[in-house]
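The lines below spell out each chain.
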There are 2 protein chains.
Amino acid sequence: MEGKQFVTQIADIETNFAQWYTDVVLKTELVDYGPVKGTMVIRPYGYAIWENIQADMDARFKKAGSKNAYFPLLIPMSFFTKEAEHVEGFAPEVAVVTHAGGAKLEEPLAIRPTSETVIGTMYAKWIQSYRDLPVIMNQWCNVMRWEKTTRPFLRTSEFLWQEGHTVHATEEEAMDETLKMLNVYREFMEETLAIPVFCGRKTDKEKFAGAVATFGLEAMMLDGKSLQIGTSHYLGQNFSKAFDIKFLDKDSTLKNGYTTSWGTSTRMIGGIIMAHGDQRGLVLPPKVAPIQTIIIPIAAHKGGVIEKAKEIEAVLLNAGVRAETDTRDMSPGWKFNEWEMKGVPLRVEIGPRDIENGQVTVMRRDTLEKTVVKIEEIGEYIKTALLTVQKDMLEKSRSKRDKKIVTANSLEEILKGVEEKNFVKAGWCGCRECEDKVKETAAATARVMCDEEGVPTRCAICGKEAKHNVIFARAY
Amino acid sequence: MEGKQFVTQIADIETNFAQWYTDVVLKTELVDYGPVKGTMVIRPYGYAIWENIQADMDARFKKAGSKNAYFPLLIPMSFFTKEAEHVEGFAPEVAVVTHAGGAKLEEPLAIRPTSETVIGTMYAKWIQSYRDLPVIMNQWCNVMRWEKTTRPFLRTSEFLWQEGHTVHATEEEAMDETLKMLNVYREFMEETLAIPVFCGRKTDKEKFAGAVATFGLEAMMLDGKSLQIGTSHYLGQNFSKAFDIKFLDKDSTLKNGYTTSWGTSTRMIGGIIMAHGDQRGLVLPPKVAPIQTIIIPIAAHKGGVIEKAKEIEAVLLNAGVRAETDTRDMSPGWKFNEWEMKGVPLRVEIGPRDIENGQVTVMRRDTLEKTVVKIEEIGEYIKTALLTVQKDMLEKSRSKRDKKIVTANSLEEILKGVEEKNFVKAGWCGCRECEDKVKETAAATARVMCDEEGVPTRCAICGKEAKHNVIFARAY
């Protein structure tokens, strides 16, 4: 069986998750390695997922009052030194342009690793008065962070992302914006990617270089590791002071604004793969799937089969479903495996006998359940089924995740918890030493703080009074 | 009058077109200069035009069988040397990354000026058999060409664009694709940007570095100069041989594919400005205008005016019109000037007396005509008016342009023609010497050949037999 080979070509998801991931991203043609080490090529099937993500997120951003703009790729190196923590965090990772147009540049230019510095410079020029505030802009672009160890979507030297940058008149407004966008992200992850997330403040060690506070969204992958799938930063006046973003307030005094930034990237595609996949390959949430329903003709050489398949395709396209008919000269079994591997949410099988009976068989990729459906009801059925799959995938992820959350009262319990592939909640005194000890002992990091759930009495590491309730996990 | 100042702040369009352009792009907040020389920041009002362009073009590309993908920004310098003409054309303009991650790179990396080389490398890996062909992909991305003299949108070191790259089994198919995409561009320029274009083959001097043949789209700007607003290249086997793009054909022999590439950029926004603008500022075609209808309350402090304006806004939004109400605390006159400058296609004025009479005044930006419209008919009226404006703008551009096309039978006539701000059609023998002579004498270049209109008997420059009918013009 040719088809079987497909399945066995993917490494075992239980015992070799890392290889399973690599096999899946390459074999489903989401991505390929670029010629320069650490870079990726996003192939049409992967890019179509990104387009669906972009369209959905972009509408949410605009509804939240953001406008898109585009700022330059190249940033003078000197800009980075204006914010002390920022340069420390990003300088080691930047790619530097030293020559251009056949000559050496007077000042070396960094390829943006993130754009606070260049956007801050422009904001300082544009903002004069409290009437100009708030400023809420976003850009969709490429960024570059030179990484030693890279993996497609998860960590590559170049990646695609969106970065929002805002300026506000007061601390309170800026913090509200930070949390508002965190929530926009949370809703997107859950409603569109079907990925439940923990949202919370990061520890100082884990925060963005230059932020006062970073809030992260952490998703549990199938191997129990955490993926930081988005961040929202409250930057206070750190950048507005470094870049001189000032406004004349109502009281006629000149004040520094309060800024925020928030970002998500193509890393989310890695999250989709590792949150929903299985041994057969990808399982895509309908909302981001490039093809939502694949129609496979059985005994396609027989008269009328292709025609009927195409009729159903037309009905589905008309109902707003991204549908396609696979008319290639290959066996149905081969096609079943290929499209299962590619994670298409629904499969419609139609053969001569089905046509006689006025029915088709529909298979759900997420549960592998098959249902016989009357042809005249196919449009409505598929539309409803896509909604059901979308909803069920979130619930399944959530219930899987919730079973893998444990609490720990000691360093040993933290270690045991993460070794058993859990997220571990534990009290923490707030000191860097204890945080580092968890890293050394359990190779786990503080993902987010969830103090609103209640703070344990004691720090699980040192036994002193706990100040925070922290989720520790191994992470990507 | 505060409002009047706006108008006089824009340089005279007749006597100082270059300064008029700069004033318009900066004062309407389409764009600003970036901190690095030659770079631009595309501000929200400018970027919204780009988003409308992208959405429209992207749908056309997909209909034409293209899929989007994303290829890396950085290209090993050695890739450029594989195609001799290509390296000669682009090497002098590239920005080069020599350091990254705190260390010197083994091989310097170019920031893509265009992506034939890196995409060709990937295509060589992906294409095996005739079954894999044709490959038709497009990417939306940033590119960088280090230019000495720059102007926002028209020529900047970094710009945004789309580049399509295709591979075909035969010469004929590849040439068909080249011309098909040229026509997709032509339809877009006319239907969406309301800009008529001359399409034709470029001379060897003017073709893309590495192409067998380049086809260009040339648009006449208000100052009679030509803007190359898009290009489609037939690359023959130049790149497939340089990058080893081979496929096993039906006859079981290994063959090099035939490739094409085609591109348009944010330069189109410059084209919109210079094809349609006037002394008051921008005149935007409705299809790309960020705001299609601006509603201005008159005597807004009076009860019910703002409410009625908002009601009309809701009606228009509901009808699919991008409408906005300007409720800022400024005089109507000031607002009229501002939105005229920003080129909003239609303005709705509504005051207390209008509400009494159940009517509003609508002004067209392109003709400055005012019409009184019943409030209950406003939705239908605006929808129809936007279509009319879109159509009229194209016709106006076309008739303006057609009056400025002359023929020449001598070098002197070519000089006179371009000095009088025309496009000049003339016979050409096909030799480089004559082409250079036109450049030296008239500062004009061969824009495209339009042999299908008939070739004159004699070369206007040397008097020998003409082989082509060429449009000469000064160009951006």
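Let me begin by describing the structure that accompanies this report.

The rules behind the values
- Residues numbered from 1 in each chain as written.
- Chains lettered and ligands numbered in written order.
- Predicted model: local features only at pLDDT ≥ 70, side-chain atom pairs only at ≥ 80, totals over all residues.
- Heavy atoms only, no water.
- Helix = DSSP H or I, 4+ residues; strand = E, 2+ residues; numbered from the N terminus.
- Rg over C-alpha atoms; globule rule 2.2 N^0.38 Å.
- Buried < 20%, exposed > 50% of the residue type's maximum accessible area, 1.4 Å probe, protein only.
- Contact = heavy atoms within 4.5 Å.
- Areas by Shrake-Rupley, 256 points an atom, 1.4 Å probe, with all protein chains shown as cover.
- Lys, Arg positive; Asp, Glu negative; His and termini not counted.
- Charge placed at Lys NZ, Arg CZ, Asp CG, Glu CD.
- Phe/Tyr/Trp six-rings, centres within 6.5 Å; stacked < 30°, edge-to-face > 60°.
- Least-squares fit on C-alpha atoms with pLDDT ≥ 70 in both.
- Disulfide = S-S within 2.5 Å.
- Pairing = 2+ DSSP bridges.
- Right-handed = clockwise from strand over helix to strand, strands pointing away.
- Expected span 1.5 Å × (residues − 1).
- Axes fitted to C-alpha atoms, helices over the stretch in contact; angles between N-to-C directions.
- Parallel < 35°, antiparallel > 145°, perpendicular 65-115°, else oblique.
- Left-handed = near helix turned anticlockwise from the far one by under 90°.
- Nonpolar A, V, L, I, M, F, W, Y, C, P; charged D, E, K, R; others polar.
- Core = buried A, V, L, I, M, F, W, Y, C linked by side-chain atoms within 4.5 Å.
- Buried area = accessible area lost by both parts, 1.4 Å probe.
- Salt bridge = Lys/Arg side-chain N within 4 Å of Asp/Glu carboxyl O.

## Remarks on the overall build of chain A
Secondary structure summary: chain A contains 15 helices and 23 strands in total. The C-alpha radius of gyration computed for chain A amounts to 25 Å, which stays within 12% of the reference 23 Å derived for 476 residues, consistent with globular compactness. A buried classification covers 60% of the 476 residues belonging to chain A. Long-range contacts, defined here as pairs at least 24 residues apart, represent 68% of the contacts in chain A between residues at least 6 apart. With the model as given, the accessible surface of chain A reaches about 19,100 Å², and the carbon-plus-sulfur share is 50%. Of the side-chain charges in chain A, 63 are positive and 67 negative, and the distance between the mean point of each set is 1 Å.

## Some words on the packing of aromatic side chains
All names here are of chain B. Applying the stated criterion across every chain yields a total of 28 aromatic pairs over all chains. Between phenylalanine 61 and tyrosine 185 the ring centres are 6.2 Å apart and the planes differ by 70°, which places this aromatic pair in the edge-to-face class. Placement of the pair is phenylalanine 61 in helix α3 (residues 44–63) and tyrosine 185 in helix α7 (residues 171–191), with a sequence separation of 124 residues. The two residues phenylalanine 61 and tyrosine 185 agree in class, both being buried. Ring centres 6.4 Å apart and planes at 85° place the aromatic pair phenylalanine 71 and tyrosine 123 in the edge-to-face group.

## Describing the relation of the copies chain A and chain B
Put simply, the second copy of the chain is the first one after a rotation about an axis and a shift along it. Here chain A sits on chain B after a turn of 180° about the axis and a move of 0.0 Å along it, with an RMSD of 0.0 Å. With respect to symmetry, the two chain copies, as superposed, fit the operation of a two-fold axis. By C-alpha distance to the rotation axis, the residue of chain A lying nearest is A:Val97, at 2.1 Å. Of the interface residues in chain A, 100% have counterparts in chain B that sit at the interface too, so the contact is made through matching surfaces.

## Regarding the state of the cysteines
Per the counting criterion, the structure on display carries zero disulfides over all chains. Cysteine A:Cys459 remains unbridged, with the sulfur of A:Cys462 as its closest cysteine sulfur at 3.6 Å. Judged by relative accessible area, which is 2%, A:Cys459 ranks as buried. In this structure B:Cys141 is not part of a disulfide, and its nearest cysteine sulfur, from A:Cys141, lies 12 Å away.

## Section: the pairing of strand β20 (residues 405–408) of chain B
All names here are of chain B. Bridging between β20 and strand β21 (residues 423–428) involves four bridges; their strand directions are parallel. Residue pairing across strands places isoleucine 405 opposite phenylalanine 423, the latter belonging to β21. Crossover β20 to β21 through helix α14 (residues 411–419) is right-handed.

## Comments concerning helix α13 (residues 378–402) of chain B
A rise of 1.5 Å per residue sets the reference length of α13(B), with its 25 residues, at 36 Å; its end C-alpha atoms lie 35 Å apart and thus fit the reference within 8%. Those residues of α13(B) that sit buried are B:Ile378, B:Gly379, B:Ile382, B:Ala385, B:Leu386, B:Val389, B:Gln390, B:Met393, B:Leu394, B:Ser397 and B:Arg401.

## As for the packing of helix α2 (residues 17–27) of chain A against helix α9 (residues 267–276) of chain A
Residues and elements named next belong to chain A. Two elements in contact, α2 and α9, have axes whose closest approach is 11 Å; the angle formed by their N-to-C orientations is 120°. Judged by the angle between their axes, α2 and α9 are oblique. For the element pair α2 and α9, the recorded crossing hand is right-handed. Within the contact between the two elements, α2 uses Phe17, Trp20, Tyr21, Val24 and Val25 and α9 uses Gly270, Ile273 and Met274. Its residues assigned to classes, the contact of α2 with α9 comprises seven nonpolar, one polar and no charged.

## A look at the nonpolar core
Among the nonpolar cores identified, the biggest contains 134 residues, and A:Ile53 and B:Ile53 are the most heavily contacted of them. Residues within four places of A:Ile53 in sequence aside, it is in contact with A:Phe188, A:Leu193, A:Met268, A:Ile269, A:Ile272 and A:Val288. With 29 residues, the next largest nonpolar core counts A:Phe79, A:Val135, A:Leu235 and B:Val41 among its residues.

## Re the interface of chain A and chain B
Chain A puts 50 residues into the contact, and the matching count from chain B is 50 residues. The junction of chain A with chain B conceals about 4,100 Å² of combined surface from both sides, 65% of it contributed by carbon and sulfur atoms. Counting the surface chain A buries against chain B, the share from its top three residues, A:Pro35, A:Pro44 and A:Tyr70, is 15%. Taken together, the connections running from chain A to chain B amount to four salt bridges.

## Description of the pattern of salt bridges
Applying the stated criterion to the full structure yields 68 salt bridges over all chains. Taking the shortest distance from any N to any O, the salt bridge between A:Lys125 and B:Asp32 comes out at 2.8 Å. With A:Lys125 in helix α6 (residues 116–126) and B:Asp32 in strand β1 (residues 31–33), this pair bridges two chains. We classify A:Lys125 as partly exposed; its relative accessible area is 44%. Judged by relative accessible area, B:Asp32 falls into the buried class, the value being 7%. For A:Lys202, the salt bridge is made with A:Glu218, and the minimal N-O distance between the two is 2.5 Å. Taken together, the residues span a long stretch of sequence, with A:Lys202 in the loop between β9 (198–201) and β10 (213–220) and A:Glu218 in strand β10 at a distance of 16 residues. One connected set of salt bridges, linked through shared partners, spans A:Arg280, A:Glu340, A:Arg347, A:Glu349 and A:Lys370.

This is a description of form; function is not addressed.
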